[in-house]
Amino acid sequence: MRSFLTEAIGRDVGRRGVSWRLMLVAVCVTALVVSACSPVASTAPGSASATSGPGTSGAAGPGGPTPGGTVITGISGDPPTLNPNLTTGISGLMVGCLVYQGLVRTTTDFEIEPLLASSWEISPDGLTYTFTLAEATWQDGQPFTSADVEYSLLNVNAKYGPAFAATGEAIETIETPDPRTVIVHLKHPFGPFLSTMDCEKNGAIVPKHLFEGTDVETNAASTTTPVGTGAYVLKEWVKNERLTFERNPNYWQDGLPYLDSIVLRVIPNGASRTLAFRAGELNQIRGYLLSQSDAPGLAEDGRYKLWSEGPRYPALAIFNTRNAPFDNKAVRQALFTAIDRDLVAANVFTDYGTPAKGAFSSIPWAHDPDLDLATLYPYDPEKAKQMLDQAGFPVGSDGFRFPMDLVFESTSTHNALHAEVLASMWREVGVNVNLVGLDDQTFTDRVYVQHDFDVVTNAHLNGGDPVGTHRVWLSTLTGPGQNASGFGSPELDAKFTEGASQATREERAAIYHEIEALLADELPTLTVIDFTPRAVAVKELNGLDLGLSTNSWWHTAWLATP
Amino acid sequence: MKLYVATRVVSGLIVVAAIVVVMFFLMRLLPGDPIKALVGDFPAPPEYVEEIRRRFGLDRPLLEQFTLYVGQLLQGNLGYSFLHGEAVLPMLLRRAAFSMALIIPSLIIANVIGVALAVAAARRAGTAADAGIRSLSLLAFSIPVFWMAQMLIVVFAIQLRILPAQGVTSPGGHNDLFALLTDVLAHSIMPVFVVSTHFVALVAIVGRASVLDALQENFVLTARAKGLSPNRVLWRHVLPAAAGPIVTVIGYQWGQALTGTILAEAVFAWPGLGSAFVSAIASRDHPVLLGIFLLASISVVVANLIADLVHAKIDPRIRTAAT
């Protein structure tokens, strides 16, 4: 199961579903039980060559949107729940957010647009949000009212939503003076508040009349028959095969949606998804579900369009600052100087990544335009060697300065390639790099729980807000998916809290610029590349806005008739 | 003979029990957390995580969890999937039906074609035809399953567009039972071909050697000398003598076929036990994994038992040795 707000989403990018290596392990485990297993060499994924995707998905086709048609897309597995407030896994959100909706939605440019809230006002002190609700109806015909919002935010989103927890903490009380108005009072200003009212951030509103007094997790509207306000209704769920959604005939937004139905086919293996797409059994594959090494081949086919769209992910190399010599700032700076980031961008993130300029350069509004890591640490292996000499790590009699365990998740193509390229660059300057590839679960355990690593390659999706990843920097957080580097200080923690507590993006940005400068100096984590994985679709598919990270925004998608 | 069967059943039960015990504790040693698969990597609120742990029984001591599991097992309850909340047994039986739909036709095809090839090669031992069958069998046996599966998809689903690439059925309704059956049949052609290819080759290789051995026997020479027709010699004298090793191979194929389908199911998105196994490993869904180990080991024990009994039936030497 995949999570979109954390490092794991990054690991998903370019992942081949279940990798052959993992399957080989699976086969061997079974074989140990039932028969004998001889080791077989695993095949390496194909390498990507440079070609550019021909076009992007624009809403404006020559004939304009036409209603009708069915689109089939792939998912990697059945969702564990149909309630998008209970998981941050990709399958759960892709499915749940077709049916359920939040008060707002976030565009791929991180702009916040109205959805179930048609408008809102924020008090000057940033403590009171007054929402005016849209005239929406639940799929069972009941009216959508402020009582639903109050019930949902307090009893479902805040209690169960992993990504909503901080917002839930910030809410003091909710008033519902009339069915169309919701007033939320906060305990303290919380800058990201509005952006977390998004379905993809566990902010979906669920119907009070179906959930009140029931067990949220086992309620039928969470498990089998979801009832939301969304444009699509779940019609059929054939376990392990597909979920079929049909147009909601009573959808509250006039004229939408265009497509008659959307089918999500369960195809766990990434290579098989590409084959199914080529065979015409899928019409679209989302970026993190498309094996990125397949993209150049698909781009050569005139029937398809590839595009690199949506939020950017920072690809990171995280130091374990608990271990010497990685606790030494000079060593970290030297190792960054030894990385040819242009080469990494060209060879690992072929065509879909560029060298990062700062810790937040993947979030344009939070990034300091005057900061550029390329000018602070230009690639210079000779200088890197000198820096390591000066830091007290000369080349020893074995030809190395010090050993390093470089850990990566082997089921993620780009994190694995990234680690291999970094290893060769660091070996050049005399580091004895030991590459350690692990499966997803073992990786999480070793890196985030045991902290048994020196450096790890990973990627974080930040959800368009530094709050989306600030837990990886906070000194107080050590759990899974949190601060792996062990770096942090009460001062830095305070800065992040301050950044989250400002009411406007401008005020917040000023604080994030300070944090970015500090991180650029300390380098507990190297922000190497910012990238956006490529998605593929048939040329006829138009108007698909990918939203924050999942497939939730199919409302405006339409098929051109050939 | 009865004693032989009883001994085999008891020893089979011991093997199955040992597998369950060992796997139960081995799985707990695997790094990873089943909750991660459920809520995603984003750290969930601690109360929510605690609630899930309590519901799964993961907050109890390991030995208590084991006792509970065994208690359930004795009542025929394999527990509930962490990830999907479903009861494991019905879910696995449904999955097993899909796997059987691949394995049984594959084994039948494999044995019919494999034995035919074996006889053809052995009768022409030393000729070009024999060499051809042997090299093709070796080749078929050594092609990686997933590679062959992908190549088939490229040729038949992408280039020629005559077979569906993925899954069991096409999305969209089927007008009648016949349409549904045709659809399922079309979807199963490539997976069945992939699963059976290995076994055709295996049966052909082993069968050729054992038919060849039988052909050298004196009683075959005698039969020929008596002027029996070649076909009669083959059916009455050669094949029964050669059947022992072939039946053994067929029996052991069961376990091999189970593992072989894991790869084939993954490439073809075939929702059988193999794909359930792969996803259960990735999500650390312990009850599902244990259930698969249990079903797989029972079926392997049973398949081997049947193979040995058939072997004993056709080969008196085994029968006498056993009793």
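In this convention, every chain numbers its residues from 1, walking through the sequence in written order. Lettering for chains starts from A, numbering for ligands starts from 1, and both go in the order in which the items are written. It should be noted that, the model being predicted, local features are given only for residues of pLDDT at least 70 and side-chain atom pairs only at 80 or more, the latter also being counted only at that level, while totals for whole chains, interfaces and linings use all residues. Hydrogens and waters are ignored; side-chain quantities use all the structure's heavy atoms.

Structural notes on the overall build of chain B
As a reminder, the rule being used: Only DSSP runs of H or I covering at least 4 residues are called helices, and only runs of E covering at least 2 are called strands; the numbering of each starts at the N terminus. The cut-offs for exposure are 20% and 50% of the maximum accessible area for each residue type, with area from a 1.4 Å probe on protein chains only; residues under the lower value are buried, those over the upper are exposed, and the others partly exposed. Note on contacts: a residue pair qualifies if any of its non-hydrogen atoms lie within 4.5 Å across the two residues. Values of accessible area rely on a 1.4 Å probe in the Shrake-Rupley scheme; residue burial ignores everything except the protein chains shown. The sign given to each residue is positive for Lys and Arg and negative for Asp and Glu; His and the chain ends receive no count. Positions of charges follow a simple convention, taking NZ of Lys, CZ of Arg, CG of Asp or CD of Glu.
For chain B, the count of helices and strands is 13 helices and 0 strands. When its helices and strands are written in sequence order, chain B yields α-α-α-α-α-α-α-α-α-α-α-α-α. In terms of overall dimensions, chain B has C-alpha extents of about 85 × 55 × 40 Å along its principal axes. Each of the 323 residues in chain B was classed as buried or not, and the buried ones make up 49%. Sequence-distant contacts, at least 24 apart, represent 74% of the contacts inside chain B between residues at least 6 apart. When the accessible surface of chain B is split by element, carbon and sulfur atoms take 70% of a total near 15100 Å². Charge-centre separation for chain B: the mean point of 23 positive side chains lies 15 Å from the mean point of 17 negative side chains.

Side note on the state of the cysteines
One covalent bond between the sulfur atoms of two cysteine residues makes up a disulfide. Residues and elements named next belong to chain A. Stated formally: By disulfide we mean two sulfur atoms from cysteines, separated by a distance within 2.5 Å.
Scanning the model with the defined rule gives 1 disulfide over all chains in all. Put simply, C97 and C199 are joined by a disulfide, and their sulfur atoms are 2.1 Å apart. Disulfide C97-C199: torsion about the S-S bond near -95°, hence left-handed. Of this pair, C97 sits in helix 3 (residues 90–99) while C199 is found in the loop between strand 8 (181–186) and strand 9 (204–205), placing the two residues 102 residues apart along the sequence. Of the residues examined, C97 reaches a relative accessible area of 4% and is grouped as buried.

Some thoughts on the environment of R123 of chain B
All names here are of chain B. Among the secondary structure elements, R123 is positioned in helix 5 (residues 88–123). Given a relative accessible area of 42%, R123 falls into the partly exposed group. Between the C-alpha atom of R123 and that of D33, which follows or precedes it by 90 residues, the distance is 58 Å. Residues within four places of R123 in sequence aside, it is in contact with L215, P230, N231 and L234.

Some words on the sheet that holds strand 5 (residues 117–122) of chain A
Across a sheet, paired strands are connected by hydrogen bonds in the backbone, their directions being either parallel or antiparallel. All names here are of chain A. Rules: Two strands qualify as a pair provided that DSSP identifies no fewer than 2 bridges between them. All axes are obtained by fitting lines to C-alpha atoms, using only the stretch in contact for helices, and the reported angles, taken between N-to-C directions, cover 0 to 180 degrees.
Spatially, 5-6-8-7 is the arrangement adopted by the 4 strands of the open sheet, whose pairing is antiparallel. Of all strands in the sheet, those with a lone pairing partner are strand 5 and strand 7 (171–178), marking the two edges. Mean inter-strand twist for the sheet, computed between neighbouring axes without regard to direction, equals 20°. Bridge count between strand 6 (residues 128–133) and strand 8: 5 bridges; the pairing is antiparallel. Within the sheet, the bridge partner assigned to Y129 lies in strand 8 and is V184. Sheet strands in contact with helix 4 (residues 146–160) are strand 6, strand 7 and strand 8, and its direction is about 165° off that of strand 7.

Brief notes about unusual backbone geometry
Residues and elements named next belong to chain A. Cis rather than trans, the peptide bond between L256 and P257 has omega equal to -10°. Tracing the chain through its elements places P257 in the loop between strand 11 (242–247) and strand 12 (261–266). That bond from A324 to P325 is cis: its omega, 0°, falls within 30 degrees of zero. Position of P325 relative to the elements: it lies in the loop between strand 15 (313–319) and helix 10 (329–337). Even without being glycine, N240 reaches a positive phi, approximately 65°.

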